[in-house]
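In case you want the letters, here they are:
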Amino acid sequence: MSIYIDPAVAASLRGFEMPEKLGFGTVMAPVMFRAVCQDGCWSQGELVPYAPLALDPAAKVLHYAQSCFEGMKAYRTQAGGVSLFRPERNAARMAHSAARLCMPPVPEALFMDGVRTVTAYCANLVPATSGESLYLRPFLFGTQADLSVSASTSYEFYVIASPSEAYHAGNMRLWVEREDSRAALGGTGDAKVGGNYAASLRSVARLKERGYDQSLWLNPGNRNTVDELSGMNFFAVINGELHTPALSGSILEGVTRDSLIDLARDMGYTVHERAIDIDELLGQVAEGSCDEAFACGTAAIVSPISLFGDGGREYPLAKAPGPVAERLRQMLLDIQEGRAEDKFGWMHPVEVVSID
Ligand SMILES: *Cc1c(COP(=O)(O)O)cnc(C)c1O
């Protein structure tokens, strides 16, 4: 289907000034993509100026949280072009998240039109500094104005974008969360939905008071094996081999996680996907066989973990940042920014549209 380009888009883009300081996710590109779905039928996609939304106060999303999102990046490559990283994985994951919440999946072609069109028109906003990128945020929510508890009959899909610095999580101090859960067994932990984040906020607020940065979530069924962080997946290096929790049903399947597994194996590392018992892991940190751990996700790519706190004890990692995390981060970034061969076919170049 063709995409409608609002004539006001050119003026919005021309009038946009890139601020000196970008931060992460705070500067918004002046255009957005939108499409609406009524009774299962999707409208034409449109690129329009960035603007507040009009929502009926009874819209289902505001009461019953029918909403999911994605996070992905467009990178400036060595050759000067702009490329998306594995966008089809985000399209598939958004369809999975939507289905979990009884929302119509955004058709893959419409999702790709959205992220490609925003990137193509915002190509000048993709920063050239290594580690910086245009962060893309596709999202879908139910808009039907009706307080009865049932799936909405109408939905809106948007893609907004934010030129961003690298998200610096730093050397993270993790708190092993033994009380709260971010997701339930049979719940929405493997879907990228805002409700999981809402459920994670109290834990993070509490641990910040104690001097920690992020919660390490345990499996909500056994409360004994490691799941992930609130928005990043988890890896530990034990005796030189990589270990990451096997997908448990309450873990969000990260594109970065998946890519790092392939990349690490290709670089000669042994990678285990398995249930990781938290007490066993802390014992291995204490005795030194686990000397490195890190988290990964689109925003921060790879973030080293410096320490685990659990009850009254602290378990510092010997190496933070460790050499395995550093090597993987650099290799992934080299592929994303076009300095290394894209041997897995992960990069999708976008044909840029010039304004004027
Ligand atoms: C988005 C997200 C991740 C990371 O996924 P990527 O595709 O690598 O960005 C990990 N955990 C949770 C809970 C997430 O929402």
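These numbers come from a predicted model, not from an experiment. (Residues numbered from 1 in each chain as written. Predicted model: local features only at pLDDT ≥ 70, side-chain atom pairs only at ≥ 80, totals over all residues. Heavy atoms only, no water.)

1. Remarks on the overall build of the protein chain
Thought 1: A tally of regular secondary structure across the protein chain gives eight helices and 19 strands.
Thought 2: Over its C-alpha trace the protein chain gives a radius of gyration of 21 Å, about what one expects of a compact globule, namely 21 Å for 356 residues.
Thought 3: By principal-axis analysis of the C-alpha atoms, the protein chain measures approximately 65 × 55 × 35 Å.
Thought 4: Buried positions account for 53% of the 356 residues belonging to the protein chain.
Thought 5: Counting only contacts in the protein chain whose residues sit at least 6 apart along the sequence, the fraction spanning at least 24 positions is 71%.
Thought 6: Per element, the accessible surface of the protein chain, about 14900 Å² overall, is 52% carbon and sulfur.
Thought 7: For the protein chain, the distance from the average site of its 30 positive side-chain charges to the average site of its 43 negative ones is 3 Å. (Helix = DSSP H or I, 4+ residues; strand = E, 2+ residues; numbered from the N terminus. Rg over C-alpha atoms; globule rule 2.2 N^0.38 Å. Buried < 20%, exposed > 50% of the residue type's maximum accessible area, 1.4 Å probe, protein only. Contact = heavy atoms within 4.5 Å. Areas by Shrake-Rupley, 256 points an atom, 1.4 Å probe, with all protein chains shown as cover. Lys, Arg positive; Asp, Glu negative; His and termini not counted. Charge placed at Lys NZ, Arg CZ, Asp CG, Glu CD.)

2. Things to note about the pairing of strand β17 (residues 301–310)
Thought 1: Of all the 10 residues making up β17, 10 are buried; the element is thus mostly covered by neighbouring parts of the structure.
Thought 2: As defined by bridge partners, strand β10 (residues 172–177) adjoins β17 across four bridges and the pair is classed as parallel. Within β17, the position partnered with Met-172 by the bridge is Ile-305.
Thought 3: Summarising the sheet, β17 and strand β18 (residues 313–316) pair through four bridges and their orientation is antiparallel. If you follow Phe-308 over to β18, its bridge partner there is Tyr-315.
Thought 4: Linkage of β17 to β18, two consecutive antiparallel strands, is achieved through a turn of two residues, within which Gly-311 is found at a positive phi near 60°. (Pairing = 2+ DSSP bridges.)

3. Some thoughts on the packing of aromatic side chains
Between two aromatic rings, the relevant description is the distance of the centres plus the angle of the planes.
Thought 1: Taken as a whole, this structure holds 12 aromatic pairs when the rule is applied.
Thought 2: Between the aromatic rings of Phe-139 and Phe-141, the centroid separation amounts to 6.0 Å while the plane-to-plane angle is 15°, which identifies the pairing as stacked.
Thought 3: Given the relative accessible area of 6%, Phe-141 is considered buried.
Thought 4: Ring pairs connect the aromatic residues Phe-33, Phe-111 and Phe-157, which therefore count as one cluster.
Thought 5: Residue placement shows Arg-173 over the ring face of Tyr-212; its charged tip is 5.1 Å from the ring centre.
Thought 6: Looking at Arg-210, its charged tip hangs above the ring of Trp-175, at a distance of 4.3 Å from the centre. (Phe/Tyr/Trp six-rings, centres within 6.5 Å; stacked < 30°, edge-to-face > 60°. Lys NZ or Arg CZ within 6 Å of the ring centre and 35° of its normal.)

4. Description of the state of the cysteines
As used here, a disulfide is simply a covalent bond connecting the sulfur atoms of two cysteines.
Thought 1: Inspection of the entire model under this criterion finds zero disulfides.
Thought 2: Here Cys-37 stays free of any disulfide, with the sulfur of Cys-41 as its closest cysteine sulfur at 7.1 Å.
Thought 3: The thiol of Cys-290 is unpaired, and the distance to the nearest cysteine sulfur, on Cys-296, comes to 15 Å.
Thought 4: Judged by relative accessible area, Cys-290 falls into the buried class, the value being 1%. (Disulfide = S-S within 2.5 Å.)

5. What about the site of the ligand?
Thought 1: Taken together, 15 residues sit near the ligand, with Lys-192, Tyr-197, Glu-228, Thr-256 and Thr-298 positioned nearest.
Thought 2: One nitrogen or oxygen atom from the side chain of Tyr-197 is found 2.7 Å from an oxygen atom belonging to the ligand.
Thought 3: Relative to its unbound accessible surface of 380 Å², the ligand loses 97% to contact with the protein.
Thought 4: Here the residues of the shell around the ligand are counted per class, giving four nonpolar, seven polar and four charged. (Near = heavy atom within 4 Å. Polar contact = N/O pair within 3.5 Å; in protein donor to acceptor, adjacent residues only side chain to side chain. Nonpolar A, V, L, I, M, F, W, Y, C, P; charged D, E, K, R; others polar.)

6. Describing the pairing of strand β9 (residues 154–164)
Thought 1: The buried fraction of β9 amounts to 11 of the 11 residues, a majority that puts the element mostly inside the structure.
Thought 2: Pairing between strand β2 (residues 31–38) and β9: six bridges, direction antiparallel. Within the sheet, the bridge partner assigned to Gln-38 lies in β9 and is Ser-154.
Thought 3: As defined by bridge partners, strand β8 (residues 133–142) adjoins β9 across 10 bridges and the pair is classed as antiparallel. Note that in β9 the partner of Phe-141 across the bridge is Glu-156.

7. Concerning the UniProt feature "modified residue: N6-(pyridoxal phosphate)lysine" (unreviewed entry) in the protein chain
Thought 1: Here, the residues flagged by UniProt with the feature "modified residue: N6-(pyridoxal phosphate)lysine" (unreviewed entry) are Lys-192.
Thought 2: The exposure class of Lys-192 is buried, given its relative accessible area of 12%.
Thought 3: Excluding its chain neighbours within four sequence positions, the residues that come into contact with Lys-192 are Cys-68, Phe-69, Glu-70, Gly-71, Arg-93, Ser-97, Tyr-197 and Leu-252. (UniProt positions renumbered as here; feature names shortened; annotations may be inferred.)

8. Here we look at the side chain of Arg-257
Thought 1: Tracing the chain through its elements places Arg-257 in helix α6 (residues 255–266).
Thought 2: A polar atom in the side chain of Arg-257 sits 2.7 Å from the side chain of Glu-273.
Thought 3: Among all residues touching Arg-257, those that are not within four sequence positions of it are Asn-233, Phe-235, Thr-244, Pro-245, Ala-246, Leu-247, Glu-273 and Cys-296.

9. Considering unusual backbone geometry
Thought 1: Of note, the bond from Ala-320 into Pro-321 is cis; its omega dihedral lies within 30 degrees of zero at -5°.
Thought 2: Relative to the helices and strands, Pro-321 resides in the loop between β18 and α8 (323–336).
Thought 3: Although it is not a glycine, Cys-102 sits at a positive phi angle of roughly 60°.
Thought 4: Within the fold, Cys-102 resides in the loop between α3 (87–100) and α4 (108–121).

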